Amino acid sequence: MREAPIHTEESFRLLVEAIDDYAIFMLDASGNVVNWNTGARKMKGYEVDEIIGRHFSVFYTPEDVAAGQPGLLLAAAVAQGRVVSEGWRVRKDGSKFWANVVITTVRTPTGELRGFAKVTQDLTERKRLEEFEQLRALAAHIQAAREEEQIRIARELHDDIGQQLTALKMALAGLDSIVRDQEAGAARTAPHIADMHQLIDATVASLRRIAAGLRPVMLETLGLIPTLEWLIDDFMQRYDIAVEARIEADDMKLSEAADEGLFHIVQEALTNVARHAHADRVTIDLARDGRTCVLRVTDDGQGMTPAAPSRPTSFGLLGMRERVHHLNGTMSIDSAPGRGFRLTLIFPLDAVERKPSSPEGAA
Ligand SMILES: Nc1ncnc2c1ncn2[C@@H]1O[C@H](COP(=O)(O)OP(=O)(O)OP(=O)(O)O)[C@@H](O)[C@H]1O
Ligand SMILES: [Mg+2]
């Protein structure tokens, strides 16, 4: 039988040698490299004659060598027949790659240890991708934690410190009125008390400024309704004006731009009530009406004379018109002296909803 069979030891050796995306080689019983395939050369950078006879610990980082890792792996392979490990390994040029390594014991038919078969796969790219994904997840987590933290700070500023300052101001007013009754003391204490009032007012103003800076985060994270509720609550405490809010926006999915626009419009409308209306009561209605979204802010204050020339420094209503215009809406004002003030804003749903609906159904 002179015909060369395909499965000879020689052809098997050629096969292993030719594989170039796995490093496949053998170690003798004490861990020295016995043979070397193309994949090993490519992955680790050593030529055959440079590596044969050297101990396989050259593939490990100095830290792993110091920790006795190579020896431990061989011992584990001897004990279990096979050991799998993943970790950073070192190329000839010192660069590192992430390796998945399988070490299997090779024994004689009588069970005597001849050495180890070692198959290594370079998983650096997969590892980098994993690390990248982890970093991304971490960044997202940090961002979310940061936003949560900002909302917490905003709430505490508002609910806690804000209320305490209000109480302090009331106590001070009480003290002020007592001292005023005692003429002699009044002259001396009045300036101090006035200073204190001013200081508290400045503190409240700073507090509001800081909290307002955190508000866009609230709007983005919690959405329009909770942010409006917060604004309204703040307004009621600050000016002692009752606000009835009928906000039925649940059935509308508003876009970020609409959330922001509506928030600022309500904010300006409330500021105007506080500054110009002398009102006892404000009603805010926000609801869907057919294919439109309607916002109404009504107060029972002194109203405005339509002919009253607007001050050159009045930008509130102008800014509001600008925002309404951006959202394709219309704005109207109903007011007469002594008859309150009503702002009505109507937006096409298409312009304020999150997903612009297709115009097919529109007549
Ligand atoms: N709720 C209201 N009740 C009575 N008058 C109002 C009310 N809202 C607005 N006005 C009148 O309309 C005018 C214009 O308001 P607008 O918000 O544009 O300016 P402003 O509040 O005077 O100044 P700013 O630019 O700071 O907002 C006000 O000066 C006020 O006379
Ligand atoms: Mg204004």
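Residues numbered from 1 in each chain as written. Chains lettered and ligands numbered in written order. Predicted model: local features only at pLDDT ≥ 70, side-chain atom pairs only at ≥ 80, totals over all residues. Heavy atoms only, no water.

**Some remarks on the coordination of the magnesium ion (ligand 2)**
Here's step 1: Protein-derived ligands of the magnesium ion (ligand 2) are Glu268 (OE) and Asn272 (OD1), with the metal-ligand distances lying across 2.0 to 2.1 Å. One end of the pair, Glu268, and the other, Asn272, are both in helix 9 (residues 256-277), four residues apart, so they sit about a helical turn from each other.
Here's step 2: Take Asn272: its relative accessible area is 15%, and that puts it in the buried class. (Donors = N, O, S within 2.8 Å, 3.2 Å for Na, K, Ca; no water. Helix = DSSP H or I, 4+ residues; strand = E, 2+ residues; numbered from the N terminus. Buried < 20%, exposed > 50% of the residue type's maximum accessible area, 1.4 Å probe, protein only.)

**Thoughts on the pattern of salt bridges**
Here's step 1: Enumeration over the complete set of coordinates arrives at 15 salt bridges.
Here's step 2: Here Glu10 and Arg13 are joined by a salt bridge, their closest N and O atoms 3.0 Å apart. Here Glu10 pairs with Arg13, and both are found in helix 1 (residues 9-18), just three residues apart, close to one helical turn.
Here's step 3: The class for Glu10 is partly exposed, based on a relative accessible area of 42%.
Here's step 4: Glu244 is the partner of Arg246 in a salt bridge, and the nearest nitrogen-oxygen pair spans 3.3 Å.
Here's step 5: Look at Arg246 and you get partly exposed, because its relative accessible area is 36%.
Here's step 6: When its relative accessible area of 31% is taken as the criterion, Glu244 is described as partly exposed.
Here's step 7: Here the residues in one salt-bridge network are Glu244, Arg246, Arg281 and Asp285, joined through shared partners. (Salt bridge = Lys/Arg side-chain N within 4 Å of Asp/Glu carboxyl O.)

**A short note on the pairing of strand 6 (residues 281-289)**
Here's step 1: One ladder, built from seven bridges, connects strand 5 (residues 242-248) with strand 6; its direction is parallel. Looking at the pairing, Glu244 lines up with Thr283 of strand 6.
Here's step 2: Crossover strand 5 to strand 6 through helix 9 is left-handed.
Here's step 3: Summarising the sheet, strand 6 and strand 7 (residues 292-299) pair through eight bridges and their orientation is antiparallel. Looking at the pairing, Asp285 lines up with Arg296 of strand 7.
Here's step 4: Linking strand 6 back to strand 7 in an antiparallel pair, the connection comprises two residues, with Gly290 at a positive phi of about 60 degrees. (Pairing = 2+ DSSP bridges. Right-handed = clockwise from strand over helix to strand, strands pointing away.)

**Topic: the UniProt feature "domain: PAS" (unreviewed entry) in the chain**
Here's step 1: Mapped onto the present numbering, the UniProt feature "domain: PAS" (unreviewed entry) falls on residues 8-64.
Here's step 2: Counted over residues 8-64, helix gives 42% and strand 12%. Its end C-alpha atoms are 39 Å apart. (UniProt positions renumbered as here; feature names shortened; annotations may be inferred.)

**Some remarks on the packing of helix 7 (residues 183-222) against helix 8 (residues 224-239)**
Packed helices, taken two at a time, are described by the angle their axes make and the gap between the axes.
Here's step 1: In the contact formed by helix 7 and helix 8, the axes pass within 8 Å of each other and the chain directions differ by 155 degrees. With respect to helix 8, the axis of helix 7 lies roughly antiparallel. Residues Arg208, Ala211, Arg215, Met218, Leu219 and Leu222 of helix 7 form the contact with helix 8, whose own contacting residues are Leu224, Pro226, Thr227, Trp230, Leu231, Asp234 and Arg238.
Here's step 2: A class-by-class count of the residues in the contact of helix 7 with helix 8 yields eight nonpolar, one polar and four charged. (Axes fitted to C-alpha atoms, helices over the stretch in contact; angles between N-to-C directions. Parallel < 35°, antiparallel > 145°, perpendicular 65-115°, else oblique. Contact = heavy atoms within 4.5 Å. Nonpolar A, V, L, I, M, F, W, Y, C, P; charged D, E, K, R; others polar.)

**Remarks on a nonpolar patch on the surface**
Here's step 1: Together, Leu135, Leu138 and Ile142 line one region of the surface with nonpolar side chains, adding up to about 300 Å² of accessible area.
Here's step 2: Along the polypeptide, Leu135 turns up in helix 6 (residues 124-181).
Here's step 3: In this structure Leu135 comes out as exposed when scored by relative accessible area, which is 56%. (Patch = residues over 30% accessible without salt bridge, like charges linked within 9 Å, V, L, I, M, F, W, Y side chains within 5 Å. Areas by Shrake-Rupley, 256 points an atom, 1.4 Å probe, with all protein chains shown as cover.)

**Here's the deal with the domain arrangement of the chain**
Here's step 1: By the assigned domains, the chain splits into domain 1 (9-122), domain 2 (124-222) and domain 3 (223-363).
Here's step 2: For domain 1 versus domain 3, the distance between C-alpha centres works out to 73 Å. (Domains from an automatic or database assignment.)

**What to know about the environment of Arg321**
Here's step 1: Looking at the secondary structure, you find Arg321 in helix 10 (residues 316-326).
Here's step 2: With eleven residues separating them in the primary sequence, Arg321 and Ser332 have C-alpha atoms 9.4 Å apart.

**Observations regarding the pairing of strand 2 (residues 82-90)**
Here's step 1: Sheet topology note: the strand 2/strand 3 (residues 96-107) ladder contains nine bridges and is antiparallel. Residue pairing in the sheet places Arg89 in a bridge with Phe97 of strand 3.
Here's step 2: Once strand 2 ends, the chain turns through five residues before running back antiparallel as strand 3, passing Gly94 with a positive phi of about 90 degrees.

**Things to note about the sheet that holds strand 7**
Here's step 1: Spatial strand order, 5-6-7-9-8: five strands in an open sheet with mixed pairing. In this open sheet, the two edge strands, each paired with only one partner strand, are strand 5 and strand 8 (330-335). In this sheet, adjacent strand axes meet at a mean angle of 10 degrees when their direction is disregarded.
Here's step 2: Summarising the sheet, strand 7 and strand 9 (residues 341-348) pair through eight bridges and their orientation is antiparallel. Within the sheet, the bridge partner assigned to Thr292 lies in strand 9 and is Pro348.
Here's step 3: Sitting on the sheet, helix 8 is in contact with strand 5 and strand 6, with an inclination near 170 degrees to strand 5.
Here's step 4: This element, helix 9, spans strand 6, strand 7 and strand 9 of the sheet and lies at about 15 degrees to strand 7.

**A few points about unusual backbone geometry**
Here's step 1: Phi at His278 is positive, roughly 55 degrees, even though this residue is not glycine.
Here's step 2: Mapped onto the elements, His278 comes out in the loop between helix 9 and strand 6.
Here's step 3: Positioned with a positive phi, Asn328 is a non-glycine residue whose angle comes to about 60 degrees.

**Describing the environment of Ile241**
Here's step 1: For Ile241, the position within the fold is in the loop between helix 8 and strand 5.
Here's step 2: Take Ile241: its relative accessible area is 8%, and that puts it in the buried class.
Here's step 3: Spatially, the C-alpha atoms of Ile241 and Val273 are 9.2 Å apart, while their sequence positions differ by 32 residues.
Here's step 4: In this structure Ile241 touches Phe235, Met236, Val273, Ala279, Asp280, Arg281 and Val282, once residues within four positions along its chain are discounted.

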